[in-house]
Amino acid sequence: MISSARLWRRRPGYSGRWEAARLSPLVLTVLIAGLAFSTPREIAFSRLLPAAPALAAAMWPVLPTVVLGALCFLLMIVLSFFHTDLGTQYTSAAIIAVTLAAAYGSHVRHQREETLFQVRLVADAVQKVLLRPLPRRIEGIEIESLYLAAQEQARIGGDFYEAIGTPHGVRLLIGDVRGKGLSAVGAASAVISCFREAAYDEPDLRGIVHRLETTVTRHSAAFPVQDQPEHFATALLAEIPHGGDRLLILNCGHPPPLIAHCGKVRILEPTIPSPPLNLAALIGDRYWVDIVPFTPGDQLLLYTDGVSETRDHTGRFFPLPDWMRQQDTEHPRELLDRLHADLLRHSGGRLGDDIAALALRHTTAQEREALGADE
């Protein structure tokens, strides 16, 4: 069992402002006591003392709440020596009653926080399995990832990504399952698990996407949702062959990636759109693979629609291509850190959807040699 002090320290979301707010019950007590001593008896500010332990119950553990209630009770007794006929017995009884109720409320809140903390630990473990940490470098490709939940308390969602070094080259996956909640997480898990196997076995991207299509169809049939008869997911598969300076892309209804080459940014729209996963039976199963140059020094940004559809207070979408053109960083981690900060700034700190992104950079021969020498 986690102690109150430990839970306080580890509870996420605390900031400097929250730490200051935790002192508010004590500040309120001092303020009321000062007014009660310095103002005429007729005003009777002392009757507000029960409000201090009531406020403490919302943010303090049980013992400090009870101690504050006892302090308020003692203040009321001291005040009775300076001002008679304050109704000391009624105010004191109110302080005792409110303190007992506040202590119970603090105990219930503490239990719920402990439960929430344990649930978050489980959710973090699930996310590490679903979206496991990616290697920072596969062969000559630097890779970094970004995942942001739309809700502050959330840990996992329907966005997914993966990057694997295979006998066929570096293979990438990024996608977004329709819907939210556990049903979307289950579908995303099924897609990622299938990709991790198929990426090694299948000789081309079309073979991988056929297996992903089958997986989503079977998962949708096995785990139907009442208000969502079928799952479907947008997905983008990419491959960087061994020793090649090219990029193969198969886009299944997903937002097009961006590639930066010699200071110019290009939107990699698919030549022929391919159907999202689990919709091939409705709109056809024709899959088209585009091939584009990917030379040393080039950067690639894969993302879900939560990035491009982030809105500001006027409803304007985040201008991702223009933003990408303004970036001069060479490192994928710095690129994603700036993207994270600018998305939060653009949205006013409130994201409307989950966000996932992969940033890749094709290192030069000199960089690979330097890295080899360091190792």
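Source: prediction; values computed, not measured.

Visitor: Mind showing me how you'd approach the overall build of the protein chain here?
Guide: In terms of helices and strands, the protein chain carries 13 helices and 11 strands. The burial tally for the protein chain puts 46% of its 375 residues in the buried class. Of the contacts made within the protein chain by residues no fewer than 6 positions apart, 69% connect residues no fewer than 24 positions apart. Carbon and sulfur atoms provide 59% of the accessible area of the protein chain, an area that totals close to 19,200 Å².

Visitor: Whenever I open this one, the confidence of the model for the protein chain confuses me. Can you help?
Guide: The predicted coordinates of low-pLDDT regions are not to be read in fine detail. Mean pLDDT over the protein chain stands at 83; residues scoring 70 or higher make up 83%. The low-confidence segment residues 1-14, where pLDDT is below 50, has 25 contacts with residues more than four positions distant or belonging to other chains.

Visitor: Looking at this structure, how should I read the sheet that holds strand β2 (residues 141-148)?
Guide: The pairing of strands in a sheet comes from backbone hydrogen bonds and takes either a parallel or an antiparallel form. Read across the open sheet, the six strands follow the order β1-β2-β11-β10-β7-β8; overall the sheet is antiparallel. The open sheet terminates on both sides in strands that have one partner only, identified here as β1 (137-138) and β8 (264-267). The sheet contact formed by strand β10 (residues 299-303) and strand β11 (residues 355-362) spans five bridges and is antiparallel. Among the inter-strand pairings, Leu301 is bridged to a residue of β11, identified as Ala359. Sitting on the sheet, helix α12 (residues 332-347) is in contact with β2, β10 and β11, with an inclination near 20° to β2.

Visitor: How do you make sense of the sheet that holds strand β5 (residues 233-240) when you look at a structure like this?
Guide: Taken in spatial order, the five strands line up as β3-β4-β5-β6-β9 in an open sheet, and their pairing is antiparallel. Two strands bound the open sheet, and with one partner strand each, they are β3 (159-166) and β9 (289-293). The mean inter-strand angle of the sheet, taken between neighbouring strand axes irrespective of direction, is 15°. Relative to strand β6 (residues 246-252), β5 is paired through five bridges, and the arrangement is antiparallel. Within β6, the residue paired with Ala238 across the bridge is Ile249.

Visitor: I'm lost on the packing of helix α3 (residues 24-38) against helix α5 (residues 62-82) in this one. Help?
Guide: When two helices pack together, their arrangement is given by the angle between their axes and by how far apart the axes lie. Between α3 and α5, whose axes approach to 11 Å, the crossing angle comes to 5°. Between α3 and α5, the angle falls in the class roughly parallel. Where α3 abuts α5, its residues Pro25, Leu26, Thr29, Ala33, Ala36 and Phe37 lie against Leu68, Leu71, Cys72, Leu75, Val78, Leu79 and Phe82. Classifying every residue of the contact of α3 with α5 gives 12 nonpolar, one polar and no charged.

Visitor: How should I be thinking about the nonpolar core in this particular structure?
Guide: Across soluble globular proteins, nonpolar side chains have a tendency to be buried as a group. Core analysis: the largest hydrophobic core is formed by 55 residues, its most contacted members being Ile143, Leu212, Leu237, Leu247 and Leu360. For this core, the element with the most residues is helix α7 (residues 181-201), which contributes 10 residues. If sequence neighbours within four positions are ignored, Leu212 has contacts with Leu173, Val191, Cys194, Phe195, Leu237 and Leu277. Core analysis: the next-biggest nonpolar cluster, separate from the first, contains 20 residues, Leu258, Leu301, Phe318 and Met324 among them.

Visitor: Hey, could you run me through a nonpolar patch on the surface in this one?
Guide: Taken together, the side chains of Phe37, Val78, Phe81 and Phe82 present a nonpolar region at the surface, about 450 Å² in accessible area. Counting residues per element, the nonpolar patch draws most heavily on α5, at three residues. Within the fold, Phe81 resides in helix α5. Residue class for Phe81 comes out exposed when judged on its relative accessible area of 68%.

Visitor: In this structure, what is going on with the pairing of strand β4 (residues 169-177)? I would like to understand it.
Guide: Both faces of the sheet carry side chains from a regular strand, because those side chains alternate between them. Burial runs high along β4: nine of the nine residues are buried. As paired strands, β3 and β4 are joined by eight bridges and run antiparallel to one another. Within β4, the position partnered with Ala163 by the bridge is Leu172. Between the end of β3 and the start of β4, which pair antiparallel, lie two residues.

Rules used throughout
Residues numbered from 1 in each chain as written. Predicted model: local features only at pLDDT ≥ 70, side-chain atom pairs only at ≥ 80, totals over all residues. Heavy atoms only, no water. Helix = DSSP H or I, 4+ residues; strand = E, 2+ residues; numbered from the N terminus. Buried < 20%, exposed > 50% of the residue type's maximum accessible area, 1.4 Å probe, protein only. Contact = heavy atoms within 4.5 Å. Areas by Shrake-Rupley, 256 points an atom, 1.4 Å probe, with all protein chains shown as cover. pLDDT = per-residue confidence, 0-100. Pairing = 2+ DSSP bridges. Axes fitted to C-alpha atoms, helices over the stretch in contact; angles between N-to-C directions. Parallel < 35°, antiparallel > 145°, perpendicular 65-115°, else oblique. Nonpolar A, V, L, I, M, F, W, Y, C, P; charged D, E, K, R; others polar. Core = buried A, V, L, I, M, F, W, Y, C linked by side-chain atoms within 4.5 Å. Patch = residues over 30% accessible without salt bridge, like charges linked within 9 Å, V, L, I, M, F, W, Y side chains within 5 Å. Salt bridge = Lys/Arg side-chain N within 4 Å of Asp/Glu carboxyl O.

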